[in-house]
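As a plain string of letters, each chain reads:
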Amino acid sequence: MRTQVAIIGAGPAGLLLSHLLGLQGVDSVLIERQTADHVRSRVRAGVLESGSVDVLTRAGVGRRLATEADEHRGVYLQWPGERHHVDFTALVGRSVWIYGQTELTKDLMAAREEAGRPAFYLASDVTPHDVDTDRPHVTFTDADGRPQRVDADAVVGCDGFHGPSRRAVPAARQRVWERTYPFAWLGVLADVAPSTDELIYAWHPDGFAMHSMRSATVSRLYLQVRPDEDIDEWSDDRIWEALATRLGAGMEGWDLRTGAITEKSVLPMRSFVTTPMRHGRLFLAGDAAHIVPPTGAKGLNLAIADVTLLAEALTAWLRDGREDLADAYSDTALRRVWRCTHFSWWMTTTLHRHGDDFDARLQLSQLQRVIDSEAAATEFAHNYAGLPISFG
Ligand code: FAD
Ligand code: DHB
């Protein structure tokens, strides 16, 4: 089979890229290891920057988002005895939207089905070949056990952190930048109305806690735990108790509502960037190229920004015969990637308990600064609510 762009991985990055290319008349084929149901049901990110919402709306996949997502003006930053609202809309004129990755994935899958764009699910042994020649191709075994080959003008790796695309770049041409953190998140989804109108990020001596949400009846909550934490040691009662302690510290008159926990998992925390994001005719986008710790809510938004740039670059190249944007893709994308990598690192190291009491005093001083200084709050708001897709 021949196409213009072979896309490995049909998570949000791959699905959106294929949709954006299709709108410009550029053909693509998606090759995904899992079933569509598996991809649809993965509980992950929940916050969309307004720039991401603009991209989705302009691409015609924002209809359900417009009616079902919740617009938030800002977030609460908290430490024992203090809870402060940082109002992004007042500070920088931008807001964020609460919309689960599961919902976005459903919308993008529906758009793919409606447009009849080809996808292979349950593909195994997916391998990109000859990406540094002008005849790149991808081979795999399809769901029925038949060998397949897709020839393309370009191959895009949207296959997440564990996919094969990044490994197709020779080690001598690649540089990896990495930081692992000495803690992890225990994340839960619970059938209970949120106890807050907007997200709470809480510093606490026992460790970080966060209160997020998915709807008027579903809450999403996180606790800082050890990286090797045994989830079986966390009964639902112990989880609610720790959340109530960390989120309720010194908050007279505020109570955490509790309910049935429907999902729980431990998420490792790392920062990871691989450079460059292009090798010959292979392009990397989203988690295939970079991972941020989740504290700044950037992972999904970065994936959306990457493929927005890449769709424009591949359209200019494959439809209009101009390669300049494709040549610039890696550098352009990495400017934003590094900004978000810094912000996610800053949020993570400022809000989680690590180091000694001296570190704790510095963290609290930094949080206080965001509340006291309009300049510091504005910088926080620009980074959280989202920088433009292309900036710098
Ligand atoms: P992915 O969503 O990882 O999609 C990659 C796709 O490639 C997958 O469908 C995968 O099955 C497929 N694939 C993998 N290997 C192969 C192969 N060999 N062949 C073919 N296909 C393959 N971000 C936040 O902002 N907030 C959060 O709370 C948050 N929580 C997260 C929790 C978890 C457990 C994880 C893993 C990530 C979380 N993230 C969060 C990050 C966010 O979900 C990701 O940044 C986002 O999913 C990136 O999208 P993507 O399409 O680049 O990668
Ligand atoms: C959510 C996850 C995040 O990492 C974050 O910073 C904010 C919200 C969420 O899952 O809702």
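Position labels on residues start from 1 in each chain and follow its written sequence. Ligands are numbered from 1 and chains lettered from A, in the order in which they are written. At least 70 in pLDDT is required for a residue's local features to be given in this predicted model, at least 80 for side-chain atom pairs to be given and counted, and no such filter applies to totals for whole chains, interfaces and linings, which use all residues.

Structural notes on the overall build of the protein
Basically, it comes down to this: Only DSSP runs of H or I with at least four residues qualify as helices, and only runs of E with at least two residues qualify as strands; both kinds are numbered from the N terminus onward. Our radius of gyration is a C-alpha quantity, and the globule rule it is checked against amounts to 2.2 Å times the number of residues to the power 0.38. With C-beta atoms placed from the backbone, a residue is buried if 20 or more other C-beta atoms are within 10 Å of its own, exposed if 12 or fewer are, and partly exposed between those counts. With C-beta atoms placed from the backbone, a contact is any residue pair whose C-beta atoms sit within 7 Å.
Within the protein, the secondary structure is distributed over 11 helices and 20 strands. The C-alpha radius of gyration of the protein comes to 21 Å, within 12% of the 21 Å expected for a compact globule of 392 residues. When its C-alpha atoms are laid out on the principal axes, the protein stretches across 65 × 45 × 40 Å. Looking at the 392 residues of the protein, the share that counts as buried comes to 45%. Contacts spanning at least 24 positions in sequence make up 72% of the contacts within the protein whose residues lie at least 6 apart.

Some points on the site of ligand 1
Operational definition: The criterion for a residue being near a molecule or strand is a backbone-placed C-beta atom within 6 Å of that molecule or strand.
Close to ligand 1 lie 33 residues, the nearest being G9, G11, G160, G286 and G299. Looking at the shell around ligand 1, the elements that each hand over two or more residues are α1 (12–23) and α8 (299–318).

Considering the sheet that holds strand β7 (residues 96–98)
For clarity, the threshold we go by: Should DSSP find at least two bridges between two strands, the strands are regarded as paired. Note on geometry: axes are C-alpha line fits, over the in-contact stretch for helices, and angles between N-to-C directions span 0 to 180 degrees.
Ordered in space as β3-β7-β4, the three strands form an open sheet in which the pairing is antiparallel. Where the open sheet ends on each side, the last strands, each with one partner, are β3 (47–49) and β4 (70–72). Between one strand and the next, the sheet's axes are offset by a mean angle of 35°, whatever the strand orientation. Sheet topology note: the β3/β7 ladder contains three bridges and is antiparallel. From the neighbouring strand, E49 faces β7, where its bridge partner is V96. Packing of helix α3 (residues 50–58) onto the sheet brings it into contact with β3 and β7, and relative to β3 it is tilted by some 80°.

Remarks on helix α11 (residues 374–385)
What counts is decided by this rule: Multiply 1.5 Å by the residue count of a helix minus one, and that product is the helix's expected span.
Along its 12 residues, α11 runs 16 Å from first to last C-alpha, staying within 8% of the 16 Å computed at 1.5 Å per residue. Among the residues making up α11, those that are buried are A377, F380, A381, N383, Y384 and A385.

Describing the UniProt feature "domain: FAD-binding" (unreviewed entry) in the protein
Just so we agree on the cut-off: UniProt positions are given in the numbering used here, feature names are shortened, and annotations may be inferred rather than shown by experiment.
When the UniProt feature table is mapped to this numbering, "domain: FAD-binding" (unreviewed entry) covers residues 2–343. Helix and strand shares over residues 2–343 are 31% and 31% respectively, and the end C-alpha atoms of the span are 41 Å apart.

Digging into the site of ligand 2
Let me state the cut-off plainly: Each residue receives one of three labels: charged for Asp, Glu, Lys and Arg, nonpolar for Ala, Val, Leu, Ile, Met, Phe, Trp, Tyr, Cys and Pro, and polar for the others, Gly being one of them.
As a matter of local geometry, ligand 2 sits amid A45, G46, V47, L199, S212, R220, P294, T295, G296 and A297. Of the residues that constitute the shell around ligand 2, the class distribution is five nonpolar, four polar and one charged.

Side note on the packing of α8 against helix α9 (residues 324–351)
To keep things clear, this is the line we draw: Any angle between 65 and 115 degrees counts as roughly perpendicular, while under 35 counts as roughly parallel, over 145 as roughly antiparallel, and the rest as oblique.
Where α8 meets α9, the closest approach of the two axes is 9 Å, and the angle between their N-to-C directions is 170°. Relative to α9, the element α8 lies roughly antiparallel. Along the contact surface, α8 presents L302, A305, D306, L309, L310, E312, A313, L314, A316 and W317, while α9 presents L325, A326, Y329, T332, A333, R336, V337 and C340. Here the residues of the contact of α8 with α9 sort into 14 nonpolar, one polar and three charged.

A short note on the environment of R214
Within the secondary structure, R214 sits in the loop between β15 (209–213) and β16 (219–225). Given 19 C-beta atoms within 10 Å, R214 falls into the partly exposed group. Considering only alpha carbons, one finds R214 and V337, 123 residues apart in sequence, at a separation of 26 Å. Once residues within four sequence positions are removed from consideration, R214 is found in contact with G46, G100 and R220.

Details of the pairing of β15
With five of its five residues buried, β15 lies for the most part within the structure. Because side chains alternate across β15, one face comprises the buried residues A209, H211 and M213, and the other comprises M210 and S212, equally buried. Looking at chain direction, strand β14 (residues 200–202) and β15 are connected through three bridges and run antiparallel. Paired with I200 across the bridge in β15 is H211. Hairpin remark: β14 followed by β15, antiparallel, with six residues in the connecting loop; positive phi at G207, about 130°. Bridge count for β15 against β16 is five bridges, and the pairing is antiparallel.

Observations regarding the nonpolar core
Filter applied, for reference: Think of a nonpolar core as buried Ala, Val, Leu, Ile, Met, Phe, Trp, Tyr and Cys residues, each tied to the set through C-beta atoms within 7 Å.
Of all hydrophobic cores here, the largest spans 113 residues; its most connected members are L17, I31, A285, L310 and L314. When residues of this core are assigned to their parent elements, the largest contribution, 13 residues, is made by α8. Among all residues touching I31, those that are not within four sequence positions of it are A6, I7, I8, F120, A123, V126, V138, F140 and V150.

Things to note about the sheet that holds strand β19 (residues 282–284)
As summarised here, the arrangement of the six strands in space is β8-β2-β1-β12-β19-β18, forming an open sheet in which the pairing is mixed. Edge positions in the open sheet fall to β8 (119–120) and β18 (278–279), since each of these has one partner strand only. The pairing of strand β2 (residues 28–31) with β8 spans two bridges and is parallel. From the neighbouring strand, L30 faces β8, where its bridge partner is A119.

Quick notes on unusual backbone geometry
Look at the link from T275 to P276: it is a cis peptide, with omega at -5°. With respect to the element layout, P276 can be found in the loop between β17 (260–275) and β18. Its identity as a non-glycine residue notwithstanding, D125 has a phi of 50°, on the positive side. By C-beta crowding, D125 is classed as exposed, having 11 other C-beta atoms within 10 Å.

A look at the pairing of strand β6 (residues 82–87)
Inspection of the sheet shows strand β5 (residues 74–79) paired to β6 by six bridges, in the antiparallel sense. Of the residues in β6, the one forming a bridge with Y76 is H85. Linking β5 to β6, which pair antiparallel, is a turn of two residues; within it G81 sits at a positive phi near 85°.

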